[in-house]
Amino acid sequence: MFERRLYFHIDWLLLGAVLLLAAIGLSMIYSTTYVTLPEGGGHAGPRFWVQLYAVGLGMLALVILLALDYRFLAEHSLVLYVGLVLLLAYVLLFGLRAGGSTRWISLGFFNLQPSEFGRLALALILAMYFGENRRGARNYGDLVIAALFFIVPFLLIAKQPDLGTAVTLVPVCFGIAYLAGLRLRFIAIVAIAAVLLAPVAWKVALKDYQKSRINTFLDPEKDPRGAGYQQIQARITVGSGGIKGKGFMKGTQGQYKFLPVADNDFIFSVLAEEQGFIGVLVALGLYLFVILRSLEAARLAKDRIGAYLVGGIISGFAFQVIYNVTMSAGLAPVKGLTLPLMSYGGSSMIATLAAFGLILNVRMRRFTN
Amino acid sequence: MPSTPLMPDDRRSLTQRLTALQYLVAVAFAALAIGFWIFQVAQHEKFREMAEENHLRKLPLPAPRGVLLDREGRVLVDNQNSRNIALVREQARNLDQTLHILAQATNTDEAQLRETVERRRRDPPYRPIVLIENATEAQYIATMARQLELPGILAQEVPSRKYPGSELAAHLFGYVGEVREDQLARADYEGVEPGAIIGQAGIEFAYNKFLMGTDGSNTVVVNSVGREIGKPLPGALVPAREGRRIQLTIDADVQKATEDGFEASGFNGAAVVLDPRNGEVLSFTSRPAYDPNAFAAGIDRATWAELNTDDLRPLQNRALQGRYSPGSTFKMAVGLAGLEEGVITPDFHVFCGGGQTFYGRFFKCWQKGGHGSIDLRHAIEQSCDVFFYTVGNMLGVDRINKWATLFGLGVKSGIDLPNELQGLVPSTAWKAQFTKEKKWYAGETISVAIGQGQVSVTPISLAVYTATLANGGTRITPHLVKAMDDGAELKPVPPPPPQSKVDVSREKLQAIRDGMWLVVNGDRGTARRARIEGKDVCGKTGTAQVISNQGRTAARTTKNLRDHGWFTFFAPRDNPEIAGVVFLEHGIHSANAASVAKHILETYFAKKDGKPLPPAPTRDDMHLDLRDPFARGSGVVGDQ
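Residues numbered from 1 in each chain as written. Chains lettered and ligands numbered in written order. Predicted model: local features only at pLDDT ≥ 70, side-chain atom pairs only at ≥ 80, totals over all residues.

Peer 1: Help me understand the overall build of chain B in this model?
Peer 2: Of regular secondary structure, chain B possesses 23 helices and 24 strands. Considering chain B as a whole, with its 640 residues, one finds that 48% of them fall into the buried category. A fraction of 74% describes how many contacts in chain B between residues 6 or more apart in sequence connect residues 24 or more apart. (Helix = DSSP H or I, 4+ residues; strand = E, 2+ residues; numbered from the N terminus. Buried ≥ 20, exposed ≤ 12 C-beta atoms within 10 Å, placed from the backbone. Contact = placed C-beta atoms within 7 Å.)

Here it is in structure tokens:
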């Protein structure tokens with residue numbers, strides 16, 4: 001399966017940028033979870049080691065998904081998709097409950113979060129579906145089928161509840177549909193429908209805590225001790241970093257826990273605090289490079305399946321990065337949405353590296369038959 | 001493998017769409033970079049300050065109050081370290097829950113905690129509000145153990161006031177307490193922060209400005225739950241400056257002797273002992289007393305309510321605020337007025353037949369058989385009423401008033417303690433101004449002449465009066481401060497100038513003093529118990545009736561209707577150096593007061609002569625006379 005010449009077509013630059021981002025993330029996790037001992041000195045926190053471990057597993061997944069031909073995977077995408085749906089159903093029924101939601105399957109040494117793999121499975125099956133369809137995505141009937149593929153995992157994940165992760169499925173759908181030739185007019189119709197349905201969704205679908213998050217976003221000062229706290233603290237964290245930052249492990253907002261979930265949702269805020277605007281530009285530059293380079297891989301893809309697959313995956317990735325970074329600066333409602341490659345989270349890291357395995361895969365096999 | 005290669009048409013459309021996506025992403029990232037630039041570069045200063053406010057906490061370091069020393073430098077009032085449990089509202093996530101958990105953990109009244117927080121609601125949210133003063137070890141441990149559930153709750157080490165003598169001289173020292181809202185509004189409390197501990201009574205109150213000291217502060221790094229972390233920052237510690245030490249004029253031994261005397265007598269009352277030469281107060285007591293330590297620890301409601309509703313009124317400073325009829329102790333003023341106004345000479349004699357009629361009314365002498373022909377000296381010795389009725393009648397009330405006032409009765413003493421009240425020596429002007437009747441009747445003067453009727457005095461004023469008799473007419477100002485710390489050493493504080501001074505002929509004054517000497521040393525003196533060999537103690541007894549004889553008969557004798565007993569004294573007769581007054585509330589006989597005074601004087605002279613101090617007297621040592629003079633068939637009649 002893996003021919004030696006393929007090795008020369010691996011996009012080392014993209015892989016390098018991805019690993020660099022993971023390394024930056026690791027150093028930020030090291031900084032925020034460092035354990036200071038009362039008698040002096042200290043050591044890296046357990047989360048750092050978990051994350052390092054996850055990077056290792058992720059690299060393994062990346063290599064596997066690079067070695068298998070993506071077309072082989074696409075062919076079996078239905079199996080993968082059904083498998084994922086079953087896993088999500090299993091999570092809802094027997095999953096590990098923590099912090100008010102059920103998201104994990106305990107594997108003993110590791111808690112797997114299947115929803116993180118939802119984007120991959122969805123991208124594969126949608127790429128397969130649209131890629132095999134000669135007419136592209138021009139028929140409304142096709143779109144209904146695509147929508148069904150989307151809605152099942154979406155609902156299962158939203159039910160956990162984990163609206164943040166569920167929502168990341170949306171850009172995957174739109175990305176593939178758009179590349180498959182979906183008319184902008186249609187996208188506009190969906191957007192208008194969404195706006196019109198928003199008040200209904202507000203009343204029917206959103207839970208109180210979600211409503212309060214949106215309310216708070218619109219006016220954080222109203223409730224500075226409660227829901228608005230995170231947003232205000234995020235801005236203080238970022239703003240106090242200045243141009244050069246406060247220095248590695250010298251941030252006050254993240255280190256002294258004024259900023260909640262500093263190693264997770266708000267890791268970019270900590271980066272901004274400790275490494276300053278310069279660090280922010282470096283990280284944003286790397287992310288931008290990764291996204292543009294991946295879109296380039298889609299352009300170079302040999303077939304539609306490859307192009308759609310890459311497009312779908314990178315759309316989800318880009319959406320997550322942009323939303324999380326915006327939230328890190330307190331400019332978007334706080335949502336449990338991690339920053340891929342940097343936030344603490346084993347499943348997320350493995351799934352993200354696996355996804356880049358697929359992107360590298362498509363580019364690497366652009367000349368094969 | 002099955003796959004659909006891209007056709008040229010497809011590729012063009014795909015390329016266009018991918019390019020559009022690339023632009024979209026690039027624009028989004030540019031917007032993000034601008035957003036971060038605004039926060040991190042343009043508005044950096046604002047956010048830097050906010051981050052600092054977040055994690056830097058200025059903790060107040062309360063200054064210990066100045067130590068109070070006695071005239072020999074012995075510590076009377078000190079400080080000890082105690083732990084307060086305080087709340088920083090800014091860091092409390094859920095105030096209700098926090099207070100609930102704290103109340104539970106420390107076994108305190110949740111409502112009271114809430115009330116404390118409510119009272120201080122206008123303070124800045126970062127300033128700690130003390131919820132539990134002087135927390136016990138158990139409360140401290142319970143709080144620390146649940147710190148994670150109690151964000152914003154912290155323990156402070158603070159100096160708190162310690163009164164080693166407990167109730168000893170409680171009214172003199174006073175007590176401390178949290179500054180009240182109405183006090184904060186006043187100019188003399190400028191710079192005092194809400195929640196500060198200030199003097200609320202006694203010397204603590206009067207000299208609060210000097211005793212308070214200057215609070216310091218410590219700037220520490222705290223995390224989001226307010227826990228201190230990190231190393232101290234350079235320059236973060238501004239040490240507290242202790243309040244100024246004050247050396248009092250009080251002599252701890254004399255003070256203790258005074259308290260011991262009262263203790264042995266079993267009576268309540270008041271005593272003031274001072275140096276008649278300069279007004280330095282050597283001992284000062286009012287009983288029953290309270291324990292000022294209870295206030296230092298933040299008095300609880302129950303104790304406060306108890307102190308306020310106690311029928312014996314332990315919070316009242318009887319020495320300054322108790323106004324009682326002086327009884328026969330007033331007779332020296334009448335005698336002196338007679339001599340100075342030229343109405344009588346020291347050899348003037350009056351015949352006492354056990355009573356006499358004035359203005360159609362018969363006035364009894366306390367001695368049923370009468371004293372016979374008696375002169376001034378012996379009239380004082382034996383407290384003959386008829387003699388003073390006669391002199392008083394010759395003088396008229398206004399001349400009595402003049403001399404009583406010159407010697408300190410009916411006016412404030414001017415002591416450096418708050419809330420002194422004024423007694424009353426009546427005059428025609430007083431009656432015209434303050435009573436309905438307006439007109440003074442000559443018959444009223446007769447009662448006044450033996451210290452009854454409307455005459456009332458405070459124990460402190462009677463002490464000043466005695467001192468003025470002792471020193472020859474200088475109405476010294478009683479005062480409590482001998483020296484004050486100027487930051488390096490104790491610097492003497494000059495005594496306040498006398499309130500007034502009157503030239504009294506030595507010879508005339510000597511007659512009065514001789515009479516007072518006879519009271520203690522004469523064969524028929526009324527206070528022979530106070531006699532100390534070789535010390536020429538002079539004094540005068542007095543009984544203040546709580547109820548008229550007729551009223552008493554009607555009410556039957558009950559404990560709180562028994563007479564008050566006075567004994568005023570100075571010693572030695574020539575060149576007196578100690579003077580004072582002992583007032584026994586419902587003390588039945590003034591001789592009992594003389595017993596208390598004797599222990600005070602014995603202690604004073606033993607100390608002066610370098611002899612061992614007499615031990616605290618027992619009840620038997622006091623030789624108390626507890627016979628009720630009005631009980632049927634007792635045959636005892638109270639001296640006057």
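Peer 1: What is the right way to look at helix H12 (residues 267-300) of chain A in this model?
Peer 2: Because an α-helix packs 3.6 residues into every turn, residues spaced three or four apart end up facing the same way. For H12 of chain A, spanning 34 residues, the distance from its first C-alpha to its last is only 33 Å, which falls clearly below the expected 50 Å at 1.5 Å a residue. Burial runs high along H12 of chain A: 24 of the 34 residues are buried. (Expected span 1.5 Å × (residues − 1).)

Peer 1: Is there a simple way to think about the interface of chain B and chain A in this case?
Peer 2: Accessible area lost upon the coming together of the parts is a frequently used measure of interface size. With 38 residues of chain B in contact, the opposing surface of chain A contributes 45 residues. Of all the elements in the fold, those that place two or more residues in the side of chain B that touches chain A are helix H1 (8-42) and helix H2 (44-55) of chain B.

Peer 1: What am I meant to see in the sheet that holds strand S23 (residues 564-571) of chain B here?
Peer 2: Backbone-to-backbone hydrogen bonds join strands into a sheet, with any given pair of strands oriented parallel or antiparallel. Residue and element names in this part refer to chain B. Here 5 strands make up an open sheet; going across it, the order is S13-S12-S24-S23-S22 and the pairing antiparallel. With one partner strand each, in any of the chains shown, strand S13 (281-287) and strand S22 (538-544) form the two edges of the open sheet. In this sheet, neighbouring strand axes are inclined to one another by 10° on average, regardless of whether the strands run parallel or antiparallel. Where strand S12 (residues 268-274) meets strand S24 (residues 578-585), 7 bridges bridge the pair, whose relative direction is antiparallel. Counted as the bridge partner of Val273 is Gly580 from S24. This element, helix H23 (residues 590-608), spans S12, S22, S23 and S24 of the sheet and lies at about 30° to S23. (Pairing = 2+ DSSP bridges. Axes fitted to C-alpha atoms, helices over the stretch in contact; angles between N-to-C directions.)

Peer 1: Help me out: how do you make sense of unusual backbone geometry in this one?
Peer 2: The step from Gln160 of chain A to Pro161 of chain A runs through a cis peptide bond, and the omega angle for that step is 0°. Its location among the elements puts Pro161 of chain A in the loop between helix H6 (140-158) and helix H7 (163-167). Following Arg287 of chain B, the chain continues to Pro288 of chain B via a peptide bond in cis, the omega torsion being 0°. Inspection of the secondary structure assignment puts Pro288 of chain B in the loop between S13 and helix H11 (292-296). A positive phi angle, near 55°, is found at Ala169 of chain B, a position not held by glycine. Along the chain, Ala169 of chain B falls in the loop between strand S5 (153-162) and helix H6 (170-173). We note that Tyr359 of chain B has phi near 50°; this positive angle belongs to a residue other than glycine. Relative to the elements of secondary structure, Tyr359 of chain B occurs in the loop between strand S15 (355-358) and strand S16 (361-364). The exposure class of Tyr359 of chain B is exposed, given the 12 C-beta atoms found within 10 Å.

Peer 1: What exactly am I supposed to notice about the pairing of S22 of chain B here?
Peer 2: Looking along a regular strand, one sees the side chains alternate between the two faces of the sheet. Residue and element names in this part refer to chain B. Of all 7 residues that make up S22, 7 are buried, and the element is covered over most of its length. Here S22 shows a buried face lined by Cys538, Lys540, Gly542 and Ala544 and a second buried face lined by Gly539, Thr541 and Thr543. The sheet contact formed by S22 and S23 spans 7 bridges and is antiparallel. Bridged to Thr541 within S23 is Phe567.

Peer 1: Explain the sheet that holds strand S4 (residues 101-106) of chain A to me, please; I cannot follow it from the model alone.
Peer 2: Residues and elements named next belong to chain A. Ordered by their spatial adjacency, 3 strands build an open sheet running S3-S4-S5, and the pairing between neighbours is antiparallel. Among the strands making up the open sheet, the edge pair consists of strand S3 (96-98) and strand S5 (111-112). Bridging between S4 and S5 involves 2 bridges; their strand directions are antiparallel. Looking at the pairing, Ile105 lines up with Leu112 of S5.

Peer 1: Can you help me understand the nonpolar core in this one?
Peer 2: Nonpolar side chains in soluble globular proteins generally cluster together in the buried interior. Residue and element names in this part refer to chain B. Counting 128 residues, the largest nonpolar core has Val272, Ala333, Ile400, Phe569, Ala597 and Leu601 as the members making the most contacts within it. Structurally, this core is a two-domain feature, drawing no fewer than three residues from each of domain 1 (57-137 + 154-248) and domain 2 (252-288 + 319-483 + 495-622). When near neighbours in sequence (up to four residues on either side) are disregarded, Ala333 contacts Ile400, Trp403, Ala404, Phe407 and Leu409. (Core = buried A, V, L, I, M, F, W, Y, C linked by C-beta atoms within 7 Å. Domains from an automatic or database assignment.)

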